[in-house]
Structure formats: structure tokens, C-alpha cells
Amino acid sequence: MFAIRRERLVSTFPDGVEWLAVSQPANVTYLTGFTGEASWLLLCRQRAVLVSDGRFESQLAEERPDLEVVIRPPTRTTLETVADILQQAKAGNVGVEATQVTLAEAERLKELAPSITWVPMGGLVERLRRVKDPTEIEAIRASIDVAERAFAMFRAVLTGTESEKELADAMESYVRRAGGSGTSFPPIVAVGARSALPHAPPTDRRVNESPFLLLDWGATHRQYRSDITRIIRTGPRLGIGSSEWREIESRLEKLYTVVLRGQELAIRSIRAGVRAAEVDIAVRRYFEEQGYLREFNHGLGHGIGLQIHEGPSLRPSSPDVLEEGNVVTVEPALYIRGLGGVRIEDDVLVHADGCEVLTRVPKDWSMGIVW
Ligand code: ZN
Ligand code: ZN
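It should be emphasised that the depicted structure is a prediction, and the values quoted were computed from it without experimental measurement.

Caption draft 1: Summary view of the coordination of the zinc ion (ligand 2). The protein atoms donating to the zinc ion (ligand 2) are Asp227 (OD), His302 (NE2), Glu331 (OE) and Glu345 (OE), with metal-donor distances spanning 2.1 to 2.2 Å. The site at the zinc ion (ligand 2) holds 4 donor atoms, and with the angles between them running 78 to 151°, its shape is irregular. Linear spacing of the donor residues for the zinc ion (ligand 2) on their chain is D-x74-H-x28-E-x13-E. The distance between the zinc ion (ligand 2) and the zinc ion (ligand 1) is 3.2 Å, with Asp227 acting as a donor to both metals. Pair noted here: His302 is in strand S13 (residues 301-303) and Glu345 is in the loop between strand S17 (340-343) and strand S18 (346-351), with a separation of 43 residues, a long-range link. Accessibility classification places His302 together with Glu345 in one group, the buried group.

Below, the structure is given as C-alpha cells:
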């Protein structure tokens, strides 16, 4: 599987470039299966050399016995080792990942190997990673499963007296108890009006200070990530039911209905061959018709996989065209300062003739989201 990915990558090298030095960690994992850090993969048609250090020697023997592995001694840096290997191989033009290598590293490489022409390249591996193979789709499904089991625990023990911070911490442990290696990003727990901030950092605000909260969470499992957002109505269960709360709930329900319809519209239009920008713009246009012009202030979605944000990107200026095998989030939202925000986020798999919603947490206002 990894050898096939590497072969496919080599076939996309631009003319004149024989080697690619891959240093972006998720790209190295994608091409080798190796999960350690600070390791470079040097790739050409005939060879795949993984440069790592002593910390990972035994892990490498276990994880990737089919690779040519060079463990650099503690006296040599990774860059020195990379330069040595490529010079010994008489490499001419070597591509480096321009979005990963720092200017200082690029300068150092030039100093270490002046005979090599270092070619800045971007996005070659990321381009391949957009289209998931069956193993990856399986891993994403499993990661969603973990996130959903963690959510069941979250709901089961919620009492209403917890703070946003406590719940965010608790979610980390539920994800691990459900079998994940960790959350796929720090969970967002935003009570009431704080949900109007798309990336609200958790505070000491308590659940029972408002009739609802926004939860955005995901799991990492077998290296792959999931990403889900739900609004949890806590008002009915807390039973405080003041007129102020009822007012908030009824305004929120209106907002919720519009966001959910926007999401349904997007999901109906997603299939291979459709421009990602078009899907985003259709939702934005629908929101405008409903009277919301600036309340949706981020993109509609993003690819997920080894990283929480990867291609393709669903936003108005996206150049991407959806392809079979993309896995993307669909997360329309409306944020009203003072009231709060509604974001509904699901993960979908793009097929030739439509898309499959992989997440199953209920999102019906009247039933499913009541805790
Ligand atoms: Zn999210
Ligand atoms: Zn997301």
C-alpha cells in the first residue's frame, strides 16, 4: 500500500526533478506508515530512504521493515544526513516541501550541498492525500465511531453544573476511553452566547448559565481524524425555563432550522465533479435569502484525514473540484453576537453520484439533540 502511494507520487514529479525530500510529518506517515517525528523521507524512482534518529530505531524496525532506513548518529543533524545521502546518490535537482522547510533550513541545505539544486515544491503529497483509499476511509469511519462513543459518554454524565473547561478536559478522556489515541483537536465547548465565537476557548462558564451549548469535537484513531459539531439543548433538561430562556430557545430554534436547511442543501449538492466553491456559495446564497449576510464568517468545510484540516477546501474562493474519495466536513453556521452561534458539522464521503454522511449523531431539534 505505501509502496503504491510512493510510486504514484514519483509519477507526479515535474520534469527534471528526480528526488523529493519529504519532511511534513503527515506526508511521511502517508508514504511510509511510520508515525515518529522529525524524520525525512528521500524519494526517487528507485529508492525510498527514511532518515530518522536513534529514538525511533526499534519503532522503525517494527513499523516499516520494507524501507531503507538511515539512523543518523547523535553527532550529525538531520539536514547534514539528508545532504550526505543525496550527494552520495549524485542527485541533481531535489524538490523540497516549500510549505514545510524553513528559510533557515533551506539556506543550510544549500550550504551543505552546493552541487544540488533545491527546488521549492508544494502540495504534491497533499494533492494525493485528498483522495482517500479504502484503508483510509475505514480508519476515518473508525475515528468517527470513537468520537460518537465519546459523545455518548459525554451526554450520559452531563449534570449541568460543569464548566466549559471541565467538559473540554472530560472529552479528552472519553475519547481515549472510547479507543482513540486522543482528540483530533482541543474540543470546543461554548455555553450560550460564547458559541458566537467560532473558535471559543473554554472558560469557567457553567452549562446551567444558558439553555444550550455548542460542542465541536473529534477523535484521532489509527492516525485518522474526525470532526463533528452539535448544539446540545440543555434547557429542557435543566428545567429552569425562565421566560428569558424560552426567548433564547425560540430565537435559537429559528437559527438552527436555517443552518440545518443550509447543511441539507450542501449535502444534496456534493458529488464528484462539482466545484467546492459552488457548494459553499449555494449555502451562502440561501442564508442571504433568509436575511443573514455576514453571520456565516468562515468556509463551509475542509478535508479531514491524517490532519484535521486538509484538502479539498470548501470556501467561496476554493479552486478545488470534488473527487470521489474526498472526505470533507460540511459545517455551515450562523453567529449572532449576544445570542450565540449555531454550527452543525458532519463528515461526508464524496461518491461519483452523491455523498455519504459518515457521522450519525442525531441533529433533529425536537428529539435528537436534547440531552
Ligand atoms: Zn469542528
Ligand atoms: Zn471542521
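Caption draft 2: Molecular detail of the packing of aromatic side chains. Summed over the entire model, instances satisfying the criterion amount to 6 aromatic pairs. Centre to centre, the rings of Phe151 and Phe154 are 6.3 Å apart; their planes meet at 15°, and the pair counts as stacked. Remark: Phe154 and Phe151 occur in helix H7 (residues 134-157); sequence separation between them is 3 residues, near one turn of the helix. Here Phe151 matches Phe154 in class, with each residue buried. Seen in terms of ring centroids, Phe287 and Phe296 are 5.6 Å apart; in terms of plane orientation they differ by 75°. Their pairing is edge-to-face.

Caption draft 3: Focus on the domain arrangement of the chain. Domains assigned within the chain are domain 1 (2-129) and domain 2 (131-357). Between the C-alpha centres of domain 1 and domain 2 the distance comes to 35 Å. Listed as interface residues are 9 residues of domain 1 and, on the opposing side, 10 residues of domain 2. Overall, the association of domain 1 and domain 2 removes approximately 780 Å² of surface from exposure, summing both partners, and the carbon and sulfur fraction of that is 35%. Among the residues of domain 1 in contact with domain 2, Arg5, Arg127 and Arg129 are the three that bury the most area, contributing 56% of the side total.

Caption draft 4: Just the sheet that holds strand S8 (residues 188-191), in detail. Strands sit in the order S8-S9-S12 across an open sheet of 3 strands; the sheet is antiparallel. Of all strands in the sheet, those with a lone pairing partner are S8 and strand S12 (228-233), marking the two edges. Strand-to-strand, the axes of this sheet are offset by a mean angle of 15°, without reference to chain direction. In this structure, strand S9 (residues 212-217) lies alongside S12, joined through 6 bridges in antiparallel fashion. Counted as the bridge partner of Leu215 is Arg230 from S12.

Caption draft 5: Representation of the pattern of salt bridges in the model. Scanning all chains against the criterion turns up 28 salt bridges. Arg76 is the salt-bridge partner of Asp84, the closest N and O atoms lying 2.7 Å from each other. Across the pair Arg284 and Asp280 runs a salt bridge, and its minimum N-O distance is 2.6 Å. Here Arg284 and its partner Asp280 are both found in helix H11 (residues 276-289), 4 residues apart, which amounts to about one turn of the helix. Among the charged side chains, a salt-bridge network with shared partners connects Arg76, Glu80, Asp84, Arg108 and Glu111.

Criteria and cut-off values
Note on numbering: residues in each chain are counted from 1, in written sequence order. The naming scheme follows written order: chains are lettered A onward, ligands numbered 1 onward. Residues qualify for local features only when their pLDDT is at least 70, as the model is predicted, and side-chain atom pairs are given and counted only at 80 or more; totals for whole chains, interfaces and linings, by contrast, use all residues. Neither water nor hydrogens contribute to the side-chain values; these are computed over all heavy atoms in the structure. Metal-coordinating donors are taken as N, O and S atoms lying within 2.8 Å of the metal, or within 3.2 Å when the metal is Na, K or Ca; because water is left out, some sites can appear incomplete. For a four-donor site, all angles between 85 and 135 degrees give tetrahedral; for four or six donors, opposite pairs above 155 degrees with the remaining angles between 65 and 115 give square planar or octahedral; all remaining cases count as irregular. Secondary structure follows DSSP: runs of H or I at least 4 residues long count as helices, runs of E at least 2 residues long count as strands, and numbering of each begins at the N terminus. Exposure classes here rest on a 1.4 Å probe applied to the protein chains alone. A residue is buried below 20% of its type maximum, exposed above 50%, and partly exposed in between. Only centres within 6.5 Å qualify two rings of Phe, Tyr or Trp (six-membered ring in Trp) as a pair; their planes then separate them into stacked at under 30 degrees, edge-to-face at over 60, and tilted for everything else. Residue ranges labeled as domains rest on an automatic or database domain assignment. It only takes one pair of heavy atoms within 4.5 Å for two residues to be counted as in contact. Accessible area, probed at 1.4 Å, shrinks when two parts are joined; the buried area is that loss added up over both. Strands are labelled as partners when DSSP assigns at least two bridges between them. Under this scheme, a helix contributes an axis fitted over its contacting stretch, all axes are lines through C-alpha atoms, and angles between N-to-C directions fall in the 0 to 180 degree range. A carboxyl oxygen of Asp or Glu within 4 Å of a side-chain nitrogen of Lys or Arg is what we treat as a salt bridge.

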